[in-house]
Amino acid sequence: MSKEKIRVIIAKPGLDGHDRGAKVVARALRDAGMEVIYTGLRQTPEMIAEAALQEDAHAIGLSILSGAHMALVPRVLELLKSNKQENVKVFIGGIIPDEDVPRLLALGVEGVFGPGTSTQDIVNAIRSKVME
Amino acid sequence: MIDVQAVLDGNRLAISRLISQIENDTPEGQRALSELFSYTGKAHLIGVTGAPGTGKSTLVNQIAYHYRHPTNSSTPKTVAIVAVDPTSPFTGGALLGDRIRMTGLSGDLGVFIRSMATRGSLGGLANTTAGVVQAFDAAGYHVILIETVGAGQAEVDIARLAHTTLVVEAPGLGDDIQAIKAGILEIADILVVNKADRPGIESTERALRNMLQLADPQVRSEFKNSENGESLWETPIQCTIAIEGNGVTEVIDLISKHRVYLEKTGDLQRRERIRLETELTHRLQKLLITQWREQLSDGLFEKVLDRLLTREISPQEAVTQLMKGGSGE
């Protein structure tokens, strides 16, 4: 095993309080040998970008079920850029309407995982994007 | 490439990237640490340890907040937090959750929180935690709070690293026999009994107080007490309700008192010496064993191992043979 570990931040931006999905993903990534920094509920984009900076994260997973993704995600990407961390891969999970998926991908999001995605697919996607 | 000057200037991205290099034990990381070493030794290193669920992260959050927003007229201190959580022995993965309790510190540029996984180390810290602390020290943070993994009884590495060690207890964790066992309680410079609003707080506090009174003040542990016979530090007990911030100013006062004690008695120097001795020994061991393995003739180690496996020779004999450079056949 190489000494470098994939470090992923799992965060729930916005105001909805449903964190089961985020926890399931966090656990799956842990079991895949990654170091998962779990930041918990009600995170602002500023808090998430700050965590990514301090933790030198390779990837961020955002769980959003509130419908506010088109407001929150661009802000996170913007902050990463202004912190010179545009190399951090951003993934979205939760409830995202189909028509918003291409818009998020166009913004620079690396993957959108809706309900029913297998955790193995998420692990594989993060691993391959980080290794790129 | 690591920009050492940027680290010294306190550039957060540079610090963060350097820490990753230290964690991954890369040659660049080691080189940078070596360059930074002369700038270290200024920060006050505060260790926070205790059983899982006693409220270490919440207390660390509160202590950091008080250093940033002092109640008296003193100037705010910059704070780095190194929060260690365990690595899974099966998958090598880790879930680092200490930040959850520290959201009150976000947005403050005078605070830097870094989560670390133990990556196989068993003493309550990661093998590279000392290096990470050095990086923060060189970057100019005044106070460095080091939170260990939820520690049981023997994870006492923190006492070798920190200047002041806080051991956090909570009501209902065990009887008075637990309190007189060797190990984690012995390393406390300050004992914090958190969750003081919980039932059983009186008996927990009493058990700990009795434990401290039973201790012979003349017993001079490796970590504590001055050699020149000056007044010994008597470990104080402070009750807190960290989630509400109760008792935290008192903890800060005790930390300052302990710092004064360390400086007055020369204990600070002594502890630094022990710490550097440990680091020097570890580095020497690592280097010597690598070099020795390199000069060993090919296949000899495996040959000795084979003979060990068939019980032809004992491990003691194997070592003697290897040091002589032969397999003993």
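Just above sits the structure.
What comes next concerns the included structure. What you see is a predicted model; the values in this text were computed from it and never measured.

When its secondary structure is counted, chain B shows 12 helices and eight strands. Put simply, chain B has 329 residues, and 51% of those count as buried. Here chain B has roughly 16300 Å² of accessible surface; of this, 53% comes from carbon and sulfur atoms.

Residues and elements named next belong to chain B. Summed over the entire model, instances satisfying the criterion amount to 27 salt bridges over all chains. Where R119 meets E23, a salt bridge forms, and the shortest distance between an N and an O atom there is 3.8 Å. Of this pair, R119 sits in the loop between β4 (111–117) and α5 (129–138) while E23 is found in helix α2 (residues 12–23), placing the two residues 96 residues apart along the sequence. Its relative accessible area of 23% is what places R119 among the partly exposed residues. Residue E23 is classed as buried on the basis of its relative accessible area, which comes to 5%.

Another point: the sheet that holds strand β7 (residues 190–193) of chain B. Residue and element names in this part refer to chain B. The seven strands lie next to each other as β4-β2-β5-β1-β6-β7-β8, forming an open sheet whose pairing is parallel. Either end of the sheet is taken by a strand with one partner, and the two such strands are β4 and β8 (237–239). For this sheet the average axis-to-axis angle between neighbouring strands, irrespective of direction, equals 20°. Note that strand β1 (residues 44–50) and strand β5 (residues 143–147) share five bridges and pair parallel. Bridge pairing links G47 to I146 in β5.

So, on to a nonpolar patch on the surface. Nonpolar side chains collect at one region of the surface, where B:L280, B:L284 and B:L288 lie side by side and expose about 300 Å² of accessible area between them. Checked against the element boundaries, B:L288 lands in helix α10 (residues 267–295).

Another aspect to go through is the packing of aromatic side chains. Residue and element names in this part refer to chain B. Using the criterion set out here, one finds five aromatic pairs over all chains in the structure. Within the aromatic cluster, the residues linked to one another by ring pairs are F112, F136 and Y141. Directly above the aromatic system of F301 lies the positively charged group of R293, at a separation of 3.9 Å from the ring centroid.

Okay, the layout of surface pockets next. Residues and elements named next belong to chain B. Empty space within the largest pocket amounts to approximately 1100 Å³. Lining the largest pocket are 35 residues, and of these A126, N127, T128, T129 and H282 lie nearest its centre. Among the elements that make up the lining of the largest pocket, the one with the highest residue count is α10 (eight residues). Residue composition of the lining of the largest pocket, by class: 10 nonpolar, 14 polar and 11 charged.

Here we take up empty space enclosed by the protein. Taken as a whole and judged by the stated rule, the model has two cavities of 30 Å³ or more. Computed from the structure, the largest cavity encloses a volume of approximately 110 Å³. Surrounding the largest cavity, 13 residues form its lining, B:R99, B:M102, B:T103, B:S106 and B:I113 being those nearest its centre. Looking at the lining of the largest cavity element by element, the count peaks at four residues for helix α2 (residues 45–55) of chain A. When its residues are assigned to classes, the lining of the largest cavity shows six nonpolar, five polar and two charged.

Counting residues at the interface gives 28 residues for chain B and 28 residues for chain A. Across the chain B/chain A interface, buried area totals approximately 2400 Å², and carbon plus sulfur atoms make up 48% of it. Considering only the side of chain B, the residues that lose the most area to chain A are B:L13, B:L95 and B:R99, jointly responsible for 22% of the buried surface there. Put simply, A:R7 and B:E23 hold a salt bridge, and the shortest N to O gap is 3.4 Å. If you look at where chain B meets chain A, you find 20 residue pairs in polar contact (both at pLDDT 80 or more). The set of elements that each furnish at least two residues to the side of chain B that touches chain A consists of α2, β3 (94–96) and β4 of chain B. Looking at the side of chain B that touches chain A, its residues break down into nine nonpolar, 11 polar and eight charged. Bridge analysis of strand β2 (residues 35–43) of chain A against β3(B) gives three bridges, and the strand direction is parallel.

The rules behind each value
- Counting of residues starts from 1 at the beginning of each chain's written sequence and follows it residue by residue.
- As a convention, the first chain written is A and the first ligand written is 1, with the rest following in written order.
- For this predicted model, a pLDDT threshold of at least 70 governs which residues receive local features, and a threshold of 80 or more governs which side-chain atom pairs are given and counted, while totals over whole chains, interfaces and linings are taken from all residues.
- Remark: hydrogens and water are excluded; side-chain values derive from all non-hydrogen atoms of the structure.
- Only DSSP runs of H or I covering at least 4 residues are called helices, and only runs of E covering at least 2 are called strands; the numbering of each starts at the N terminus.
- Note on exposure labels: buried denotes an accessible area under 20% of the residue type's maximum, exposed denotes more than 50%, and partly exposed covers the range between, all computed with a 1.4 Å probe on protein chains only.
- Per-residue accessibility takes into account occlusion by the displayed protein chains alone, with areas from the Shrake-Rupley method and a 1.4 Å probe.
- By definition here, a salt bridge exists when the distance from a side-chain nitrogen of Lys or Arg to a carboxyl oxygen of Asp or Glu is within 4 Å.
- The pairing criterion for strands is at least two bridges between them, as found by DSSP.
- Lines fitted to C-alpha atoms define the axes here, with helix axes fitted over just the stretch in contact, and angles between the N-to-C directions of these axes take values from 0 to 180 degrees.
- Patch construction takes residues with relative accessible area above 30% that form no salt bridge. Like charges are linked within 9 Å, and nonpolar side chains (Val, Leu, Ile, Met, Phe, Trp, Tyr) are linked within 5 Å.
- Each Phe, Tyr or Trp ring (for Trp, its six-membered ring) is paired with any other whose centre lies within 6.5 Å, and the angle between the two planes then decides the class: stacked below 30 degrees, edge-to-face above 60, tilted in between.
- Only when the NZ atom of a Lys or the CZ atom of an Arg is both within 6 Å of the ring centre and within 35 degrees of the ring normal do we say a charge sits over the ring.
- Here a cavity denotes a set of grid points, spaced 1 Å apart and computed over the protein atoms alone, in which a 1.4 Å probe fits but from which it cannot get out, and a pocket denotes an open set meeting protein on both sides within 12 Å along at least five of seven lines; residues with an atom within 4 Å of a point are reported as lining.
- Grid points are joined across faces, edges and corners, and a volume is the space filled by probe spheres set on the points.
- Polarity classes work like this: nonpolar for Ala, Val, Leu, Ile, Met, Phe, Trp, Tyr, Cys and Pro, charged for Asp, Glu, Lys and Arg, and polar for all others, with Gly in that last group.
- In what follows, a contact means two residues having at least one pair of non-hydrogen atoms within 4.5 Å.
- Once two parts are put together, the accessible area they lose, assessed with a 1.4 Å probe and summed over both, is termed the buried area.
- As used in this structure description, the phrase polar contact means that two N or O atoms lie within 3.5 Å; if the pair is within protein, one of them must be able to donate a hydrogen and the other to accept it, and residues adjacent in sequence are counted only when both atoms belong to side chains.

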